[in-house]
Amino acid sequence: MIVLVVFMSHVEQPAAVACPPAAPSRILPANLLFLISMVLILTVGTAAQAWRVWPGLISTELFCILLPAWLFARQTRSVTEALRLKWVGVALCAVGLLMGASAFPLALLAEALGRNLLGYEFSLPDSFLPVGPGNTAVYVLALAILAPLCEEMLFRGYILRAYERAGWAPRSAILLVAGFCPAWPLSPSRAPAVAVFALLVTYLAWRTGSVWPSIGCHLGANGTAALLAIFRTRLPAEEPGAKQLLLAAIPATAVLFLCLWHIARWQAPPPPATASPLAAGWGRQCWPLYVAAVMVAVVGGVEIAVHRPRSAQAVPGVRVEAPWTAQLNLAYEIYGPPGRIGEADY
């Protein structure tokens, strides 16, 4: 950390430039892009990942997320400006990487909280974990490299930039764009953990004026998840409990706040042209968000209805009338407050 502090002290501060005039109409393309990507993921992405999970995820990231963002950016005067592609140096990207890794225990705590509230959790079957060098390479490429690159171009690149150029106040723009991310996977069980990272990377992109540090932060989080999954296939172990997560979260949070302190020293972008997001034609600009909200409510409600454990009354025994000659096989799934605990059969 001492070397990093010295290195960052020599980063050249960018000169502040005047913000362009407010243009509320710019948020309609951003909102439409959000809806289009959600529909593509729900249809094309689901079909691709049903075919093969990790190659399907690569196709989803490239063609359902990055390609639409790039096509929308092509309609602006500068793709580099629309996607926040300004390079700000290796030091800020390295700090972002460390922030993503150190925020991982906090995200796990948020996931545990959501699991207790919902009564179930999001988890992939063990058959989805990579086995062999080839599958592991595809898994790391999809989760740790392409997902941060493509998703940050969409959210912290095009959408956040569009809201800024439309004159939204920084706090409103950061909270709204960060709020898009938990809704985007259409999964209530994944929302708490996603929300932790979304707020972090959105603030990071706004503060530095570039998408590259937020890509580094996203890579740090997804890379940590990928490493844990790979080690799990080779060294099976029990899931960490709340006490272990809390013990890991305390030093990790200290590192995270130290990184945020360094980022806060970076020159903030200029203030927006207007301080209020309310503008003429607000309803007409945000109709894609209303459609997306309906999709989130429907798909999220279906997930809760399918996965939430149903309570059943305990009975002292099972009555069987004689004579009984057939073999009787009983299988149980055991649920508790954290969700599914285990299974048994007799």
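Residues numbered from 1 in each chain as written. Predicted model: local features only at pLDDT ≥ 70, side-chain atom pairs only at ≥ 80, totals over all residues. Heavy atoms only, no water.

Chemist: For the overall build of the protein chain, give the residues involved together with the corresponding values.
Modeler: When helices and strands are tallied, the protein chain shows 13 helices and two strands. For the protein chain, long-range pairs separated by at least 24 residues make up 84% of all intrachain contacts whose partners lie at least 6 apart in sequence. If you sum the accessible surface of the protein chain, you get close to 18,900 Å²; carbon and sulfur atoms cover 68% of it. (Helix = DSSP H or I, 4+ residues; strand = E, 2+ residues; numbered from the N terminus. Contact = heavy atoms within 4.5 Å. Areas by Shrake-Rupley, 256 points an atom, 1.4 Å probe, with all protein chains shown as cover.)

Chemist: Describe helix H13 (residues 287-307), with residues and values.
Modeler: Compared with an ideal rise of 1.5 Å per residue, which puts 21 residues at 30 Å, H13 spans 30 Å between its outermost C-alpha atoms and is within 8% of the ideal. When H13 is considered as a whole, its buried residues turn out to be Pro 288, Leu 289, Ala 292, Met 295, Gly 300 and Glu 303. Buried residues along H13 cover an arc of 120° about the axis, so they all sit on one side. Within H13, the exposed residues directed more than 90 degrees away from the buried face are Val 294, Ala 297 and Val 298. (Expected span 1.5 Å × (residues − 1). Buried < 20%, exposed > 50% of the residue type's maximum accessible area, 1.4 Å probe, protein only. Arc of directions from axis to C-beta.)

Chemist: Give a detailed account of the environment of Leu 129, specifying residues and quantitative values.
Modeler: Checked against the element boundaries, Leu 129 lands in the loop between helix H6 (104-118) and helix H7 (133-165). As a C-alpha pair, Leu 129 and Ala 226 span 97 residues in sequence and 9.6 Å in three-dimensional space.

Chemist: So, helix H8 (residues 170-183): which residues are in play, and what are the values?
Modeler: Here H8 spans 21 Å end to end across 14 residues, near enough to the 20 Å set by a 1.5 Å rise per residue. Taken residue by residue, H8 has Ala 173, Ile 174, Val 177, Ala 178, Phe 180, Cys 181 and Pro 182 as its buried positions.

Chemist: How would you summarise the nonpolar core if you had to cite specific residues and measurements?
Modeler: Judged by nonpolar contacts, the single largest core of 42 residues is most densely connected at Phe 34, Leu 154, Phe 155, Tyr 158, Ile 159, Tyr 163 and Trp 184. Listed by contribution, the elements that provide at least two residues to this core are helix H2 (27-51), helix H3 (53-74), H7, H8, helix H9 (191-208) and H13. If we skip the residues at most four places from it in the chain, Ile 159 touches Ala 30, Phe 34, Leu 154, Val 177 and Phe 180. In this structure, Val 88, Cys 217, Leu 256 and Cys 259 belong to the second largest nonpolar core, which totals 18 residues. (Core = buried A, V, L, I, M, F, W, Y, C linked by side-chain atoms within 4.5 Å.)

Chemist: So what about the pattern of salt bridges? Which residues, and what values?
Modeler: Scanning the entire structure with this criterion turns up four salt bridges. Through salt bridges with shared partners, a single network forms among Arg 84, Arg 161 and Glu 164. (Salt bridge = Lys/Arg side-chain N within 4 Å of Asp/Glu carboxyl O.)

Chemist: Could you give an account of a nonpolar patch on the surface, naming the residues involved and the relevant values?
Modeler: A grouping of Leu 62, Phe 63, Leu 67, Trp 70 and Leu 71 is seen on the molecular surface, where their side chains present a nonpolar patch of about 450 Å² in accessible area. Relative to the assigned elements, Leu 71 resides in helix H3. In this structure Leu 71 comes out as partly exposed when scored by relative accessible area, which is 42%. (Patch = residues over 30% accessible without salt bridge, like charges linked within 9 Å, V, L, I, M, F, W, Y side chains within 5 Å.)

Chemist: Residue-level account of the packing of H7 against H9, with values.
Modeler: Direction vectors running N to C along H7 and H9 enclose 60°, while the axes themselves pass 10 Å from each other. Accordingly, the angle class assigned to the pair H7 and H9 is oblique. Pair H7 / H9 crosses with right-handed handedness. The residues of H9 that touch H7, namely those facing Glu 152, Arg 156, Leu 160 and Glu 164, are Ala 198, Val 201, Thr 202, Ala 205 and Trp 206. Residues belonging to the contact of H7 with H9 are distributed by class as follows: five nonpolar, one polar and three charged. (Axes fitted to C-alpha atoms, helices over the stretch in contact; angles between N-to-C directions. Parallel < 35°, antiparallel > 145°, perpendicular 65-115°, else oblique. Left-handed = near helix turned anticlockwise from the far one by under 90°. Nonpolar A, V, L, I, M, F, W, Y, C, P; charged D, E, K, R; others polar.)

Chemist: Describe the confidence of the model for the protein chain, and please don't skip the residues or the numbers.
Modeler: On average, the protein chain scores 80 in pLDDT, and the residues at 70 or more come to 72%. Counting interchain partners and residues more than four positions distant, the pLDDT-below-50 stretch residues 1-24 has 41 contacts. Note that residues 275-280 has pLDDT below 50 and, in this model, seven contacts with residues that lie over four places away or in other chains. (pLDDT = per-residue confidence, 0-100.)

Chemist: Can you tell me about the packing of aromatic side chains, naming the residues and giving the values?
Modeler: Tallied over the full model, the rule gives 10 aromatic pairs. Here Phe 72 and Tyr 158 contribute two aromatic rings whose centre-to-centre distance is 5.9 Å and whose plane-to-plane angle is 80°, an arrangement assigned as edge-to-face. Linking Phe 72 in helix H3 with Tyr 158 in helix H7, this pair joins segments that are 86 residues apart in sequence. With relative accessibility at 8%, the residue Tyr 158 sits in the buried group. A ring pair is formed by Phe 104 and Phe 197, whose centres lie 6.5 Å apart and whose planes are at 40°; its orientation type is tilted. Of this pair, Phe 104 sits in helix H6 while Phe 197 sits in helix H9; the two residues are 93 residues apart in sequence, bridging distant segments of the chain. For the pair formed by Phe 104 and Phe 197, the shared burial category is buried. Between the NZ or CZ atom of Arg 52 and the centre of the ring of Trp 51, over which it lies, the distance is 6.0 Å. (Phe/Tyr/Trp six-rings, centres within 6.5 Å; stacked < 30°, edge-to-face > 60°. Lys NZ or Arg CZ within 6 Å of the ring centre and 35° of its normal.)

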